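Here are the chains, one letter per residue:
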Amino acid sequence: MSTASKIFTPAVFGALEPRNRLVMAPLTRIRAGADGVPGDLLVEYYAQRASMGLIVTEGTWPVAEGRTWIGQPGIETPAQVEGWRRVADAVHGAGGTIVMQVMHGGRISHPEITGTGRTVGPSAVAAPGEIRVPDGKAALPVPHELTVAEIGQAVAGFAAAARNAIEAGLDGVEVHGANGYLIHEFLSPASNLRDDEYGGTPAKRARFAIEVVTAVAAAIGADRTGIRISPEHNIQGALETDADDVLATYLALADGLAPLGLAFVDVLHADPAGALIQKIRGAVAAPVIVNTGFGVVTTREEAIRLVEEDHAEAVAVGRAAIANPDLAERWAHGHGENDIDSSTFYAGGARGYTDYPALRS
Ligand SMILES: Cc1cc2nc3c(=O)[nH]c(=O)nc-3n(C[C@H](O)[C@H](O)[C@H](O)COP(=O)(O)O)c2cc1C
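Quick caveat: nothing in here was measured; it's all calculated off a predicted structure.

Draft legend 1. Structural view of the site of the ligand. Lining the immediate environment of the ligand, one finds 21 residues, of which Thr-28, Asn-291, Thr-298, Gly-318 and Arg-319 sit closest. Here an oxygen atom of the ligand and a backbone polar atom of Gly-318 are 2.7 Å apart. If the ligand stood free it would expose 610 Å²; the protein chains cover 96% of that surface. Split by residue class, the shell around the ligand holds 10 nonpolar, 9 polar and 2 charged.

Below you can see the structure in the form of structure tokens.
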């Protein structure tokens, strides 16, 4: 198959007009320093990948309490906005389109990282496992159970971050509702034990996600707003093991999002062509980007097939986009790929970040 495949054709996702249907998946790389300000390295890295139809940035914190890793960028302070402006300008200069993944880590953090003396979540239940702290690793702590007033503040934090992203010149925002972070913690019955209006039933567990996306859409326009979800990912203790409950929860979410007219919904699931994801797709009334998750590295053949067989409007590609700055060109013309070096994913510095060779450099 060649450039004739649909995945290499342009799309219209709300106000976004990706030049092809290859999306650079959100990829945390931990290279923004202690103050979370994107510098020269990030500018170069994202600009190198501008031939992807749409770049979704790494998960970026809206407020310090939503920070999960040291070295993760933020979008709260003026310096962070200025740093992102340089990234957006460079991507646009290279003809690309870029949206910011806004990520509140919720209980996947540590007081030494948030700096607020606590972590937060829907309920006072710790996630399993450990997290990196400045001097080693620590068990993930029991989070503070957010009050209803604090939930409102968290929603407002997402909206403020979205405004900052647009002020910085990015083309839109992807709300991170996946992979066991704050929004996903509300969706999962294992991490959300509330019995108020934010928990207890599928519809109530979906409420926080709907409120965040609605607030972001009101702040920057629904046609520049998307969300990432990962039903049944069963990661970081945000377990979703009851198929009926999963379907009810994500259909409630889709029903809440559909009237907004979002730019896109980005879905991580091992079987995007299966009934669950296609039912969500049918209900959500927005273009759908899919990604098959961490188990197997996304291949050219799989990506082409998912769009060609109309299981999605676009495909998000993670590790292959890390290792190949010119992935869109390589896949369009069937060229080989660089080997992926996972040891440098979170290592800091240029190695394994901006030094992967392009075919024509
Ligand atoms: C190094 C690394 C960092 C990641 N960071 C994020 C992130 O910040 N936000 C997110 O939603 N997913 C994140 N993911 C998941 C990817 O977006 C993607 O779903 C995953 O890599 C599977 O796709 P692939 O097989 O094409 O690599 C990350 C994955 C990797 C390998």
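Draft legend 2. Layout of the pattern of salt bridges. Tallying each qualifying case throughout the model produces 14 salt bridges. In this structure, the salt-bridge partner of Glu-150 is Arg-118, at a minimum N-O distance of 3.3 Å. Taken as a pair, Glu-150 in helix α4 (residues 148-167) and Arg-118 in the loop between α3 (111-114) and β4 (120-121) lie far apart in primary sequence, 32 residues in all. Here Arg-228 makes a salt bridge to Asp-266, at a shortest N to O gap of 3.1 Å. On the criterion of sequence distance, the pair formed by Arg-228 in strand β9 (residues 225-229) and Asp-266 in strand β10 (residues 264-268) is long-range, its members being 38 residues apart. Comparing Arg-228 with Asp-266 shows no difference in burial state: the two are buried.

Draft legend 3. The arrangement of the packing of aromatic side chains in detail. Applying the stated criterion to the full structure yields 7 aromatic pairs. A ring pair is formed by Phe-186 and Tyr-198, whose centres lie 6.3 Å apart and whose planes are at 75 degrees; its orientation type is edge-to-face. Of this pair, Phe-186 sits in helix α5 (residues 182-187) while Tyr-198 sits in the loop between α5 and α6 (202-220); the two residues are 12 residues apart in sequence, bridging distant segments of the chain. Note on Phe-345 and Tyr-346: the rings are 6.3 Å apart at their centroids and 80 degrees apart in plane angle, and the pair reads as edge-to-face. Phe-345 sits in the buried class, given a relative accessible area of 14%. Given a relative accessible area of 44%, Tyr-346 falls into the partly exposed group. Across the ring face of Tyr-198, the terminal group of Arg-207 is positioned such that the distance to the ring centre comes to 4.9 Å.

Thresholds, definitions, all that
Residues numbered from 1 in each chain as written. Predicted model: local features only at pLDDT ≥ 70, side-chain atom pairs only at ≥ 80, totals over all residues. Heavy atoms only, no water. Near = heavy atom within 4 Å. Polar contact = N/O pair within 3.5 Å; in protein donor to acceptor, adjacent residues only side chain to side chain. Areas by Shrake-Rupley, 256 points an atom, 1.4 Å probe, with all protein chains shown as cover. Nonpolar A, V, L, I, M, F, W, Y, C, P; charged D, E, K, R; others polar. Salt bridge = Lys/Arg side-chain N within 4 Å of Asp/Glu carboxyl O. Helix = DSSP H or I, 4+ residues; strand = E, 2+ residues; numbered from the N terminus. Buried < 20%, exposed > 50% of the residue type's maximum accessible area, 1.4 Å probe, protein only. Phe/Tyr/Trp six-rings, centres within 6.5 Å; stacked < 30°, edge-to-face > 60°. Lys NZ or Arg CZ within 6 Å of the ring centre and 35° of its normal.

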